[in-house]
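# Summary of structural features
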Amino acid sequence: MTGSEGAVRFSKRRKAAAAGLGLATATVAVGALAPFTPPAVYLPAMGAVLACELGAVAYLFRNRMRDYKVGHPLELLSRRRRAARLRQERSLEQVAKWEDRLRAGFTTKAVGALEELAADQERSRAVRKAARSALDGRRERPAPASGAVRFDVVIASNFNLPGGTTSSNINEIALLTAAGLRVGLIHNPLYDMGAGRPINGKVLDIVDGESVSMVEPGAEVACDLLVMRFPPFAERLRDDLPKVDAAQRMLVVNQAPMTYYEDGIGRKRVWDIEKVHRNLTEWIGEHRWVTVGPLVHQALLDHHGDELEGVDLAADYWYPSIDLDAVTPRGDHPVGETVRIGRHSRDHLSKWPELASDLRACYPEREDFAIRVLGGTDVPERILGRLPSNWSGHGFDGVAVGEFLRGLDVYAYYTCSSWLEAFGRAPVEAMAAGVPVILPPVFKPTFGSGALYAEPRDVADLVDEITSDHERYLEQRDLGFATVRRLFSHEAHRERFRALGLDL
């Protein structure tokens, strides 16, 4: 109870006491008059006094109940218990977070935090016990085998991600193992997000312990090439990372350092260039950086030039690759009366046009257009206020990407105007599936003649134009095929590895 609440309550009590004294005095006075006055005078006076007393009792009862609700000892005790329970829940969440980090290999920081929680007498017994249990549950890792384990290529990345980074890693592993090379994988999760999330099942499915192996913490490995993909993982490195002796070392920059490059809501730094470069240099020594395409490369030069001191930034690109032999493209049949326009991506604000007018223009609500979405439609539904009647959607991984793409006639990929798409793997998959692709003009340096380009307001006209001329439709499909083969196929990627001296 605060000082002001106590003063108010004291004032109420003093007033109640004064009123009670007054009523008692009136009652005594009326009773004293009874023997000396006629009933016609006495009875009305006594009735008035009794009515006042009943009113006073009702007033006191109402205030007493109000005081009970806000300040009764039992209610105060209940409040304290709820607050203590909330503090305990938050503390247990802290313990769980630090336990995840401990298991993920961020040992030094996690052990210190858990020891502090276990020793803090102001924490509840349950919290201290959970922290001690997390510390006691540390398993002694087996000592790595003596001598360095030999791989042809080692890939270091965050392997618990669900999207494009994992797809690129898996495709690269498949390309390398198909050539008979042995690949080692080093998992370094994000420290601040999902440290305890398990490795993606698609990655675990290809780990066989022979051609593909997870590198044990603290092991010593040697390889011809160390490929590090996804810079944010290196914002904080595990304490038990393997020692890697690599003839060549490179970081594939597949994400720009900022979420957006225009002022507005959501603009923030995703990773720090100087910190990532310093951490990786301390771990594996000198290395070079290679971007996944011209968009992120130019963003580094235009917006982060002063941060690149000491960074060996390659002029060429390390494009993600697609296994064309595993793709069954759309047939040569003409487009029907209803044009099926589609796209696939994560259902995130950054992946959709932010203006309702642009979203309607890119994916028009027309009877002769059927809009197909793979990845979720919650964001566009919020932007538009409702999902148009000609839209249909599947959740992320709800349908196999190849099957989804073969069911389209045109692929239109438009995102938030200020979002910098580092590469654009989704449009490449559409081109490989034989679907003509329409993109914002910003993608032209990456895909050239492989796609068509239009502002949102011009998308519908371009769709009408390309689908009404079957010869032109097939010509654009073939330009997409040619672009994928030249830049993004496994064979194009093999040439990049060969340029580094690997025998593929």
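Residues numbered from 1 in each chain as written. Predicted model: local features only at pLDDT ≥ 70, side-chain atom pairs only at ≥ 80, totals over all residues. Heavy atoms only, no water.

### Remarks on unusual backbone geometry
Applicable threshold: Under the scheme applied here, a residue whose accessible area is under 20% of the maximum for its type counts as buried, over 50% as exposed, and between as partly exposed, the area being computed with a 1.4 Å probe on protein chains only.
The phi dihedral of Phe-230 is positive, around 85°, even though this residue is not glycine. Using a relative accessible area of 9% as the deciding quantity, one classes Phe-230 as buried.

### Quick word on the environment of Val-253
Keep this limit in mind: Runs of H or I in DSSP of at least four residues are treated as helices and runs of E of at least two as strands, each being numbered from the N terminus. Here a residue-residue contact requires only that any non-hydrogen atoms of the pair lie within 4.5 Å.
Assignment of secondary structure puts Val-253 in strand 6 (residues 243-253). Measuring from C-alpha to C-alpha, the distance between Val-253 and Phe-230 comes to 6.1 Å, with 23 residues separating the pair along the chain. Those residues in contact with Val-253 that sit more than four places away from it in its chain are Pro-231, Trp-271, Trp-289, Val-290, Thr-291, Val-292, Val-296 and Leu-300.

### Quick word on the packing of helix 15 (residues 459-467) against helix 16 (residues 470-488)
Note the threshold: Angles run from 0 to 180 degrees between N-to-C directions of axes, and those axes are lines fitted to C-alpha atoms, restricted for helices to the stretch in contact. Angle categories: roughly parallel below 35 degrees, roughly antiparallel above 145, roughly perpendicular from 65 to 115, and oblique for all the rest. Amino acids outside the nonpolar list (Ala, Val, Leu, Ile, Met, Phe, Trp, Tyr, Cys, Pro) and the charged list (Asp, Glu, Lys, Arg) are all regarded as polar, and Gly is one of them.
With their axes 6 Å apart at the nearest point, helix 15 and helix 16 run at an angle of 105° to one another. Taken together, the axes of helix 15 and helix 16 lie roughly perpendicular to each other. Of the residues in helix 16, those in contact with Glu-465, Ile-466 and Thr-467 of helix 15 are Arg-472, Tyr-473 and Gln-476. Its residues placed into classes, the contact of helix 15 with helix 16 shows 2 nonpolar, 2 polar and 2 charged.

### Side note on the environment of Ala-234
By the secondary structure assignment, Ala-234 is in the loop between strand 5 (220-229) and strand 6. In this structure, the C-alpha to C-alpha distance between Ala-234 and Asn-188, residues 46 residues apart in sequence, is 7.9 Å. If sequence neighbours within four positions are ignored, Ala-234 has contacts with Lys-275, Val-276, Asn-279 and Leu-280.

### Some remarks on the nonpolar core
Keep this limit in mind: We define a nonpolar core as any set of buried Ala, Val, Leu, Ile, Met, Phe, Trp, Tyr and Cys residues linked to one another through side-chain atoms lying within 4.5 Å.
One finds Leu-226, Met-228, Val-244, Leu-280, Trp-283, Tyr-411 and Phe-447 to be the most contacted residues of the largest nonpolar core, which totals 90 residues. With residues up to four places along the chain from it excluded, the contact list for Val-244 reads Ile-186, Val-221, Cys-223, Leu-226, Trp-283 and Ile-284. With 25 residues, the next largest nonpolar core counts Val-339, Ile-341, Leu-359 and Ile-371 among its residues.

### Concerning the sheet that holds strand 13 (residues 437-439)
Operational definition: Each pair of strands is called paired provided DSSP finds at least two bridges between the two strands.
In space, the 6 strands of this open sheet follow the order 11-10-9-12-13-14, with parallel pairing throughout. Two strands bound the open sheet, and with one partner strand each, they are strand 11 (391-395) and strand 14 (452-453). Note: strand 9 (residues 339-344) against strand 12 (residues 410-412), 2 bridges, orientation parallel. Of the residues in strand 12, the one forming a bridge with Gly-342 is Tyr-411.

### Some points on the pattern of salt bridges
To keep it simple, the criterion reads: A pairing counts as a salt bridge when a side-chain nitrogen of Lys or Arg comes within 4 Å of a carboxyl oxygen of Asp or Glu.
This model, assessed by the stated rule, comprises 19 salt bridges. Where Arg-340 meets Asp-409, a salt bridge forms, and the shortest distance between an N and an O atom there is 3.0 Å. Of this pair, Arg-340 sits in strand 9 while Asp-409 is found in the loop between helix 12 (401-406) and strand 12, placing the two residues 69 residues apart along the sequence. Between Arg-386 and Glu-365 there is a salt bridge, with its nearest N and O atoms 2.9 Å apart. One end of the pair, Arg-386, is in the loop between helix 11 (378-384) and strand 11; the other, Glu-365, is in the loop between helix 10 (356-362) and strand 10 (369-375), with 21 residues separating them in the sequence. In this structure Arg-386 comes out as partly exposed when scored by relative accessible area, which is 46%.

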